[in-house]
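Geometric and topological summary
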Amino acid sequence: LIMKEYQNLLFTVEDGIGTLTINRPKSLNALNSDTLAEIGEALAEIKTDPTVKVLVITGSGQKAFVAGADISQMVSMNSIEAAALSELAHNAFRTIESLPQITIAAVNGYCLGGGFELANSCDIRVAATSAKFGQPEVGLGIVPGFGGTQRLTRLVGRGKAKEIIATGSQITAKEAHAIGAVEEVVELDQLMDKVNEIAHKIMKNGPVAVRMAKYVIDQGADLELNTAISFETQMWAQTFATKDQTEGMQAFLEKRHAKFTGE
Ligand code: HXC
């Protein structure tokens, strides 16, 4: 177990699984600029850390994943300061998406505003039944500014995104699951077991292939279909230049488990 402590984050690595915990439980893990900057710093290290095979992002305590951007910091901001905060978050969340590792949001409670936007920047979302989701920004007189108008829309479609954002209402984990905003829902006391189970399934597979699959899905999503499938062909062909491909296929034919090296 490796641990690194930040002011507003906890970071541990165990068994190939890195866990980044937003750690401001007294304000329900609200994201202020210091925390967003620290997330950026942590991600820069995680990106090149070969001991982290899968990254889990979660919130400290039982009540909240992240209850949004820090309202006590935003209350007195002008437009220029607000733009800087939004860009800080966009940089951090873009870095999450561009990590070579698969990222899993373990949503342990309130997942609101910037918290929902953080979860939606991860590759997979696993939620506790007790978690609540929402984009309450319009109730504060602002629009979502950490990607909520864009990533939520891409996940659930315009109609649902507009309903969630314009009403500002909270939805349950079950409702979030039904609209495709959450991949798995389990009881809170089983949340980390479920996340570990998914992480271990991922880690059994060819590391280059998993990394490339994430890359092709994300890059392809922004392309027109002809270009996207031709990009898939190129990436697919590249996997045939890896030792993992030879090992994976030979292991199948020899009826044994593959021993991938990530080469
Ligand atoms: C700052 C927050 C906070 C937040 C909670 N707290 N959310 N502080 N920013 N986003 C603080 C409370 O002020 C309180 O501090 C403590 O955490 C506990 O919260 P309570 O409200 O007392 O808890 P409870 O009554 O159980 O209600 C939980 C809650 C509520 C429903 C989650 O806290 C809430 O509505 N929070 C705000 C959610 C929100 O609007 N998020 C979106 C922010 S805008 P004290 O000191 O009183 O104990 C956003 C925009 C992103 O994210 C993009 C902008 C560029």
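Above this text is the structure in question.
Not measured: the values here are computed from a predicted model.

Secondary structure summary: the chain contains eleven helices and eleven strands in total. Looking at the chain residue by residue over its 263 residues, the buried ones come to 43%. Accessible surface computed for the chain: about 13700 Å², of which carbon and sulfur atoms make up 55%. Positive and negative side-chain charges of the chain, numbering 24 and 31 respectively, have mean locations separated by a distance of 4 Å.

Okay, the site of the ligand next. As a structural note, the neighbourhood of the ligand is formed by 22 residues, with Lys63, Ala67, Ala69, Ile71 and Gly114 the closest of them. Contact distances for the ligand include 3.4 Å between an oxygen atom and a backbone N or O atom of Lys26. A distance of 2.8 Å is found between an oxygen atom of the ligand and a backbone nitrogen or oxygen belonging to Gly114. Burial of the ligand by the protein amounts to 62% of the accessible area it has alone, namely 1000 Å². Going through the elements one at a time, α2 (71-74), β7 (110-112) and α4 (114-119) are the ones with two or more residues in the shell around the ligand. Looking at side-chain class alone, the shell around the ligand contains eleven nonpolar, six polar and five charged residues.

Now for the pattern of salt bridges. Following the criterion strictly, the structure yields twelve salt bridges and no others. Ionic pairing is found between Arg94 and Glu97, a salt bridge with its closest N-O pair at 2.8 Å. On the criterion of helical spacing, the pair formed by Arg94 and Glu97 is a turn pair, its members being three residues apart in helix α3 (residues 79-98). Taking relative accessible area as the criterion, Arg94 reaches 51% and is therefore assigned exposed. Here Glu247 ties to Arg256 by a salt bridge, and the two come within 2.7 Å at their closest N and O atoms. For Glu247, a relative accessible area of 15% gives the class buried. Under the relative-accessibility criterion, Arg256 is labelled partly exposed at 32%.

Under the 1.5 Å per step criterion, the end-to-end length of helix α9 (residues 207-221) is 21 Å for 15 residues, consistent within 8% with the ideal 21 Å. Looking at the buried side of α9, the elements it contacts are α3, β6 (102-107), α10 (225-239) and α11 (243-253).

In spatial order, the strands read β5-β7-β9-β10; together these four strands make up an open sheet with mixed pairing. Two strands bound the open sheet, and with one partner strand each, they are β5 (64-66) and β10 (171-172). Bridge analysis of β5 against β7 gives two bridges, and the strand direction is parallel. Its bridge partner lying in β7, Ala64 is registered against Tyr110.

Moving on, we get to the pairing of strand β4 (residues 54-59). Across the six residues that make up β4, a large majority, six, are buried. The two faces of β4 match: Val54, Val56 and Thr58 on one face and Leu55, Ile57 and Gly59 on the other face are all buried. Bridging between strand β3 (residues 17-22) and β4 involves six bridges; their strand directions are parallel. Paired with Thr21 across the strands is Thr58, a residue of β4.

Turning our eyes to something else, we now look at the nonpolar core. If you look at the biggest cluster of nonpolar residues, it comprises 45 residues, and the most contacted ones within it are Leu55, Phe65, Phe93, Val107 and Phe133. Those residues in contact with Phe133, other than ones at most four positions away along the chain, are Val107, Cys111, Leu112, Phe116, Ala127, Ser169, Gln170, Ile171, Thr172, Ala173, Ala176 and Val182.

Let us now look at unusual backbone geometry. You will see that Leu28, though not glycine, has its phi angle at about 50 degrees, which is positive. A positive phi is found at Asn29, a non-glycine position, where the angle reads about 60 degrees.

Quick look at the environment of His177 now. With respect to the helices, strands and loops of the structure, His177 is situated in helix α7 (residues 173-178). Exposure remark for His177: the relative accessible area of 40% places this residue in the partly exposed category. Excluding residues that lie within four positions of it along the chain, His177 makes contacts with Val182, Glu183, Glu184 and Val185.

Parameters at a glance
- Residues numbered from 1 in each chain as written.
- Predicted model: local features only at pLDDT ≥ 70, side-chain atom pairs only at ≥ 80, totals over all residues.
- Heavy atoms only, no water.
- Helix = DSSP H or I, 4+ residues; strand = E, 2+ residues; numbered from the N terminus.
- Buried < 20%, exposed > 50% of the residue type's maximum accessible area, 1.4 Å probe, protein only.
- Areas by Shrake-Rupley, 256 points an atom, 1.4 Å probe, with all protein chains shown as cover.
- Lys, Arg positive; Asp, Glu negative; His and termini not counted.
- Charge placed at Lys NZ, Arg CZ, Asp CG, Glu CD.
- Near = heavy atom within 4 Å.
- Polar contact = N/O pair within 3.5 Å; in protein donor to acceptor, adjacent residues only side chain to side chain.
- Nonpolar A, V, L, I, M, F, W, Y, C, P; charged D, E, K, R; others polar.
- Salt bridge = Lys/Arg side-chain N within 4 Å of Asp/Glu carboxyl O.
- Expected span 1.5 Å × (residues − 1).
- Contact = heavy atoms within 4.5 Å.
- Pairing = 2+ DSSP bridges.
- Core = buried A, V, L, I, M, F, W, Y, C linked by side-chain atoms within 4.5 Å.

Read these as layout, nothing more, since geometry by itself doesn't imply function.
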